[in-house]
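Spelled out, the chains give:
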Amino acid sequence: MPGAIWAIGETGPDGELARISREVATLVRGLAEVAGREAAGVLVAASPAAAADELAAFVPRVVAADEPLAGGNAVAALVAARVAALVAVEQPAYLVLGATPDGRDVAGMLAALLGWGVLVNATEVGWDAAAGPTVGMSIFGGRQLTTSAFSGERGIITVRPNTVTAEPAAARGSVEPAAAPAAVPTAHSLPAVPVLERVAEAGAAAAIEDARVIVAGGRGVGGPDGFGIVAELAEALGGAVGATRAAVDAGWIPYGHQIGQTGKIVKPQLYVALGISGAIQHKVGMQTAETIVAVNRDPDAPIAEFADLFVVGDLFEVVPEVIARLRARSG
Ligand SMILES: Cc1cc2nc3c(=O)[nH]c(=O)nc-3n(C[C@H](O)[C@H](O)[C@H](O)COP(=O)(O)OP(=O)(O)OC[C@H]3O[C@@H](n4cnc5c(N)ncnc54)[C@H](O)[C@@H]3O)c2cc1C
């Protein structure tokens with residue numbers, strides 16, 4: 001059988017499987033099915049058992065590498081070294097990681113250690129019988145969408161969060177411990193980089209990628225105070241607050257809330273856009289929301305073209321009315 005496709009897992013601060021890894025593993029399973037190849041997950045962590053078990057819900061086979069140094073140190077070099085050692089033994093064809101800070105670091109180091117190419121920030125991954133994985137990404141600040149493939153038969157892909165909806169497999173996979181690496185790749189001999197402090201992202205911003213409902217504000221909210229009404233509607237709907245880059249750049253709301261090309265990619269059930277024009281760079285971050293509702297006073301705003309419900313009006317008139325009705329209904 002031609003080379004396998006591997007999902008390289010990532011763990012969260014408490015050793016749990018990162019949400020992105022469920023998405024990556026779901027993607028890898030789907031690709032492997034289409035390609036007729038083996039799908040596997042690899043998890044390198046200090047005490048990886050629990051997260052490896054979670055990963056096994058998504059792929060038929062998981063290799064868990066216990067890396068004690070990963071506990072209190074920056075993980076990228078350690079993960080890359082162990083994965084490179086496993087690749088040398090098992091010869092998979094493609095490695096898929098999350099386009100997260102750690103995922104990007106690991107992908108870059110693996111590219112150097114293995115001499116493979118990397119396609120980054122995928123927002124779509126398909127399979128072509130002749131070319132292998134086809135990777136969609138946006139370039140030039142979201143102005144163009146490209147589809148790329150590897151020129152050889154090996155490669156590394158990083159996938160943006162919320163590109164895929166995580167879905168467990170019908171049957172759980174097996175977990176096996178990784179054999180100790182026979183040859184220690186160079187990155188492993190670098191001095192460990194200890195993590196001195198971890199600072200959690202502020203609550204609302206941290207929740208944005210997982211939120212089922214997002215109410216986002218743009219330049220049309222008029223200033224930092226305008227985000228008051230955005231937050232009120234978000235609260236009434238039980239959702240999180242998002243923003244455009246225009247609002248973030250103006251200093252009205254922290255960067256952690258930014259959605260789009262240079263912000264977060266979100267996939268909520270409901271996305272409410274208030275005073276947002278719908279520029280392509282914003283659209284790429286929220287277009288996969290199940291339902292998009294936009295309030296804009298310009299009937300020709302570009303967001304009208306892809307909103308499911310487009311309300312033409314002043315948000316400061318429309319939104320208080322909506323909030324009042326929601327409260328009347330729930331109270
Ligand atoms: C390389 C690059 C990367 C970028 N990355 C991102 C990104 O990650 N995320 C992002 O969002 N943008 C990004 N941008 C910026 C993007 O191109 C747009 O400039 C930005 O999204 C516009 O934000 P906006 O919709 O809030 O503002 P505007 O485009 O100014 O739109 C404001 C809208 O509010 C409406 N409005 C005004 N007042 C009211 C009112 N009272 N009631 C109702 N409607 C009202 C107006 O009709 C208008 O449609 C990027 C740009 C570049 C070049």
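As shown above, the structure is provided for reference.
I will try to describe carefully the structure that is included in this document. No experiment lies behind these values; they were computed from the predicted model shown.

## Brief notes about the packing of helix H6 (residues 227-237) against helix H9 (residues 315-330)
Moving on, step 1. Between H6 and H9, the least distance of the axes is 10 Å, while the angle of their chain directions is 25 degrees. In terms of axis orientation, H6 runs roughly parallel to H9. When the axes of H6 and H9 are compared, the crossing they make is left-handed. Facing H6, whose interface residues are Ile229, Glu232, Leu233, Ala236 and Leu237, H9 presents Phe316, Val319, Val322, Ile323, Leu326 and Arg327.
Moving on, step 2. Along the lines of polarity and charge, the residues of the contact of H6 with H9 split into nine nonpolar, no polar and two charged.

## Overview of the packing of helix H3 (residues 76-90) against helix H4 (residues 101-114)
Moving on, step 1. Two elements in contact, H3 and H4, have axes whose closest approach is 9 Å; the angle formed by their N-to-C orientations is 45 degrees. Relative to H4, the element H3 lies oblique. The hand of the H3/H4 crossing is right-handed. Two secondary-structure elements touch here, H3 through Ala76, Ala77, Val79, Ala80, Val83, Ala84 and Val87 and H4 through Asp102, Asp105, Val106, Met109, Leu110, Leu113 and Leu114.
Moving on, step 2. Tallied by class, the residues present in the contact of H3 with H4 amount to 12 nonpolar, no polar and two charged.

## As for the sheet that holds strand S6 (residues 124-128)
Moving on, step 1. The strand order S6-S7-S8 describes an open sheet built from three strands, whose pairing is antiparallel. Looking at strand neighbours, the two that pair on one side only are S6 and strand S8 (144-148), the edges of this open sheet. Across the sheet, the mean angle from the axis of one strand to that of its neighbour is 25 degrees, orientation sign disregarded.
Moving on, step 2. In this structure, S6 lies alongside strand S7 (residues 132-139), joined through five bridges in antiparallel fashion. Along S7, the bridge assignment pairs aspartate 128 with glycine 132.

## A closer look at the pairing of strand S3 (residues 61-66)
Moving on, step 1. Sheet topology places strand S2 (residues 39-45) next to S3; five bridges connect them, and they run parallel. Each bridged residue has a counterpart across the sheet, and for alanine 45 the counterpart in S3 is aspartate 66.
Moving on, step 2. A crossover links S2 with its parallel partner S3, the connecting element being helix H2 (residues 49-55), and its sense is right-handed.
Moving on, step 3. In the sheet, S3 pairs with strand S10 (residues 174-177) via four bridges, with the strands oriented parallel. Bridge pairing links valine 63 to glutamate 176 in S10.

Quick notes on the rules
Residues numbered from 1 in each chain as written. Predicted model: local features only at pLDDT ≥ 70, side-chain atom pairs only at ≥ 80, totals over all residues. Axes fitted to C-alpha atoms, helices over the stretch in contact; angles between N-to-C directions. Helix = DSSP H or I, 4+ residues; strand = E, 2+ residues; numbered from the N terminus. Parallel < 35°, antiparallel > 145°, perpendicular 65-115°, else oblique. Left-handed = near helix turned anticlockwise from the far one by under 90°. Contact = placed C-beta atoms within 7 Å. Nonpolar A, V, L, I, M, F, W, Y, C, P; charged D, E, K, R; others polar. Pairing = 2+ DSSP bridges. Right-handed = clockwise from strand over helix to strand, strands pointing away.

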